[in-house]
Amino acid sequence: MNVLAVVVEYNPFHNGHLYHLEQAAVQSKADVVVCIMSGPFLQRGEPALVPKRERAEMAISSGADLVIELPYMFACQHADIFAAGAVSICRELGVTDLNFGSEHGESAPFIKLVDFLYAHQDRFDERVRFHIQGGCSYAKANELAYRDLEAPGSLPDLSQPNNILGFHYTKAAAKAYPELRIDTVKRKGASYHDVSPQDASIASATSLRRMLQQGEDISSFIPEASRRILTQLPRLRFWEDYFSILQAKMVTASDTELASHYDMSEGLHNRMKRLMKEADAFEQWLHLVKTKRYTLTRLQRTAVHILTGLTKDEATAASDGQNVDHIRILGMNAQGRLYLNQAKKHISVPLYTKMSSKKTPQLALGERADNAYALLLPPAERQKEWRKDYDLPPLLLF
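Residues numbered from 1 in each chain as written. Predicted model: local features only at pLDDT ≥ 70, side-chain atom pairs only at ≥ 80, totals over all residues. Heavy atoms only, no water.

*Asks:* What am I meant to see in the overall build of the protein here?
*Replies:* Within the protein one finds 19 helices and 8 strands. Here the protein has a C-alpha radius of gyration of 20 Å; the compact-globule value for 398 residues is 21 Å, and the two agree. When its C-alpha atoms are laid out on the principal axes, the protein stretches across 55 × 55 × 45 Å. Taking all 398 residues of the protein together, 55% fall into the buried category. Put simply, the protein shows about 17,100 Å² of open surface, and 51% of that area lies on carbon and sulfur atoms. Taking the 47 positively charged and 47 negatively charged side chains of the protein as two groups, their mean positions are separated by 2 Å. (Helix = DSSP H or I, 4+ residues; strand = E, 2+ residues; numbered from the N terminus. Rg over C-alpha atoms; globule rule 2.2 N^0.38 Å. Buried < 20%, exposed > 50% of the residue type's maximum accessible area, 1.4 Å probe, protein only. Areas by Shrake-Rupley, 256 points an atom, 1.4 Å probe, with all protein chains shown as cover. Lys, Arg positive; Asp, Glu negative; His and termini not counted. Charge placed at Lys NZ, Arg CZ, Asp CG, Glu CD.)

What follows is the structure, given as structure tokens:
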């Protein structure tokens, strides 16, 4: 059986995602398609526009058979930890193929890139340290260090966001699950960072979120299932909706408490707290705090960890940065359920269909992320959403 996995956020699910899902299934000759999907908060430090249950429905309605949640401990992270969590789930489930979208569009060069960087690891690490000491962010330092190595032009360009994730998936698989077959689909249409549509039918999720925030129609860029689900939702969720909650948490926290949050570097908490008192909105605050070293993405991720209350000690206790400690099912169809009934015989970690009173450390942190995600809702709706995470079984679409 060929079991395909794709690592996704679907924020929201659009025509480009549908194209990738269809092409990946063809390339792998998939019998089962598994989506490993971020929960309430995403890799770049943003709240998901749409709750995870509804995004799982978008995925299953569009070709996925099984949707598994990527735990919060991995979902809102640097690319290397994000990828390690996804590969860990692939190993637990016995996935045979992992496919990602990329700007490069060919899989073999990603494998060669991993080999190239292993061969030049000492030089690469030295250049990363050099650029960080020069004031660059970690991500920028990695990009510049790679350029310093003068890699062959046939290798993927690590200044491109999807190539970066593809490299980290390939690297994580080589380290932890070498049996996993890696493949890629060339990204079609808009690039990740495009803020306006560049194609009549495919637009980036970034541009679609911006259009939705401005009340514009995106129906030509999304499948029917996404249109239906978005129409039914009472609200979409943006960082600005959480600003007053984040502000209250920051200005009332002690310096020691604020400094203890995960991914908070020395001195950053003082800058964040001081400038929070001068800001009227989240975007304004971000740009006030941003420096060459502290990118918008880094600041957003740190803000998420403040919102959820995640501390450095809790993060260390919950994860070694490589392996998931549970599998949580968000949704499936008949084919997905049939496959899961076979796969669960070999899964070495607890399998959850809903929240439980007996939680693994990572699941407990995921519950806090779910709770924080619901804070913007009126009390009655908030309680309903909390109960949904506890009481409802996975979404079943047959």
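Still to come is the rest of the account.
*Asks:* I tried to follow the nonpolar core on my own but got confused; where do I start?
*Replies:* Nonpolar side chains tend toward joint burial in soluble globular proteins. Formed by 96 residues in total, the largest nonpolar core has its most connected members in Val34, Leu93, Leu98, Leu117, Tyr169, Leu246 and Trp285. With 9 residues, the top contributor of residues to this core is helix H4 (residues 79-93). Filtering out sequence-adjacent residues up to four positions away, Leu246 remains in contact with Trp239, Met276, Phe282, Trp285, Ala303, Ile306 and Leu307. Phe13, Ala59, Phe221 and Leu230 belong to the second-largest nonpolar core, a separate cluster that totals 32 residues. (Core = buried A, V, L, I, M, F, W, Y, C linked by side-chain atoms within 4.5 Å. Contact = heavy atoms within 4.5 Å.)

*Asks:* Where do I start with the packing of helix H11 (residues 243-252) against helix H13 (residues 268-276) in this structure?
*Replies:* Packed helix pairs are characterised by how far apart their axes lie and by the angle those axes make with each other. Following both chains from N to C, one finds H11 and H13 inclined at 120 degrees, their axes separated by 10 Å at the closest point. The angle between H11 and H13 places the two elements in the oblique class. Judged by the twist between their axes, the crossing of H11 over H13 is left-handed. Together, Phe243, Leu246, Gln247, Met250 and Val251 of H11 and Met272, Lys273 and Met276 of H13 make up the contact between the two elements. Taken together, the residues of the contact of H11 with H13 break down into 6 nonpolar, 1 polar and 1 charged. (Axes fitted to C-alpha atoms, helices over the stretch in contact; angles between N-to-C directions. Parallel < 35°, antiparallel > 145°, perpendicular 65-115°, else oblique. Left-handed = near helix turned anticlockwise from the far one by under 90°. Nonpolar A, V, L, I, M, F, W, Y, C, P; charged D, E, K, R; others polar.)

*Asks:* Help me understand the packing of H11 against helix H15 (residues 296-308), please; the structure alone is not making it clear to me.
*Replies:* The contact between H11 and H15 brings their axes to 9 Å, and the two run at 75 degrees. On the basis of their axis angle, the class for H11 and H15 is roughly perpendicular. Counted together, Ile245, Leu246, Lys249 and Met250 of H11 and Ala303, Ile306 and Leu307 of H15 form the full contact between these two elements.

*Asks:* Even after reading the chapter, I still don't get helix H6 (residues 121-133), so can you show me in this structure?
*Replies:* Count 3.6 residues to each turn of an α-helix, and residues three or four apart come out pointing the same way. The terminal C-alpha atoms of H6 lie 18 Å apart, and with 13 residues this matches the ideal 18 Å at 1.5 Å per residue to within 8%. For H6, the set of buried residues is Phe124, Arg127, Val128 and His131. Take H6 and look down its axis: the buried residues cluster within an arc of 105 degrees, on one side only. For H6, exposure combined with an orientation more than 90 degrees from the buried face picks out Asp122 and Gln133. Structurally, H6 contributes buried residues whose contacts are with helix H5 (108-119) and helix H7 (138-148). One or two steps after H6, the chain reaches Gly135, where phi turns positive at roughly 100 degrees. (Expected span 1.5 Å × (residues − 1). Arc of directions from axis to C-beta.)

*Asks:* Looking at this structure, I do not really get unusual backbone geometry. What am I missing?
*Replies:* A negative phi angle is the norm for most residues apart from glycine, just as the trans form is the norm for most peptide bonds. Note the cis peptide between Asn11 and Pro12, where omega equals 0 degrees. Relative to the assigned elements, Pro12 resides in the loop between strand E1 (3-8) and helix H1 (15-28). Within the chain, Asp263 stands out as a residue other than glycine whose phi angle is a positive 70 degrees. Judged by relative accessible area, Asp263 falls into the buried class, the value being 18%.

*Asks:* I'm lost on the packing of aromatic side chains in this one. Help?
*Replies:* Any two aromatic rings considered together are summarised by their centre-to-centre distance and by the angle between their planes. As enumerated under the stated definition, the model contains 9 aromatic pairs in all. Taken together, a centroid distance of 5.9 Å and an interplanar angle of 85 degrees make the contact between Phe41 and Tyr373 edge-to-face. Of the two residues, Phe41 sits in the loop between strand E2 (32-38) and helix H2 (52-61) while Tyr373 sits in helix H18 (residues 361-373), which places them 332 residues apart along the sequence. Neither residue differs from the other here; Phe41 and Tyr373 are each classed as buried. Here the aromatic residues Phe41, Trp239, Tyr242, Phe282, Trp285 and Tyr373 are joined through ring pairs into a cluster of three or more. (Phe/Tyr/Trp six-rings, centres within 6.5 Å; stacked < 30°, edge-to-face > 60°.)

*Asks:* In this structure, what is going on with the pattern of salt bridges? I would like to understand it.
*Replies:* Close approach of charged atoms allows side chains with opposite charge to pair. If you walk through the whole model with that rule in mind, you get 20 salt bridges. We note a salt bridge from Lys388 to Glu54, for which the minimum N-O separation is 3.8 Å. Of the two residues, Lys388 is situated in helix H19 (residues 379-391) and Glu54 in helix H2; the sequence distance between them amounts to 334 residues. By relative accessible area, which is 17% here, Glu54 ends up buried. (Salt bridge = Lys/Arg side-chain N within 4 Å of Asp/Glu carboxyl O.)

*Asks:* Explain H15 to me, please; I cannot follow it from the model alone.
*Replies:* Across its 13 residues, H15 extends 18 Å between first and last C-alpha, which sits within 8% of the 18 Å expected from 1.5 Å per residue. Most of H15 sits inside the fold, with 12 of its 13 residues counted as buried. Of the residues making up H15, those classed as buried are Thr297, Arg298, Leu299, Gln300, Arg301, Thr302, Ala303, Val304, His305, Ile306, Leu307 and Thr308. Those residues of H15 that are buried are in contact with helix H3 (72-75), H11, helix H12 (255-259), H13, helix H14 (282-289) and H18. Gly309 occupies a position one or two residues after H15 and carries a positive phi of about 75 degrees.

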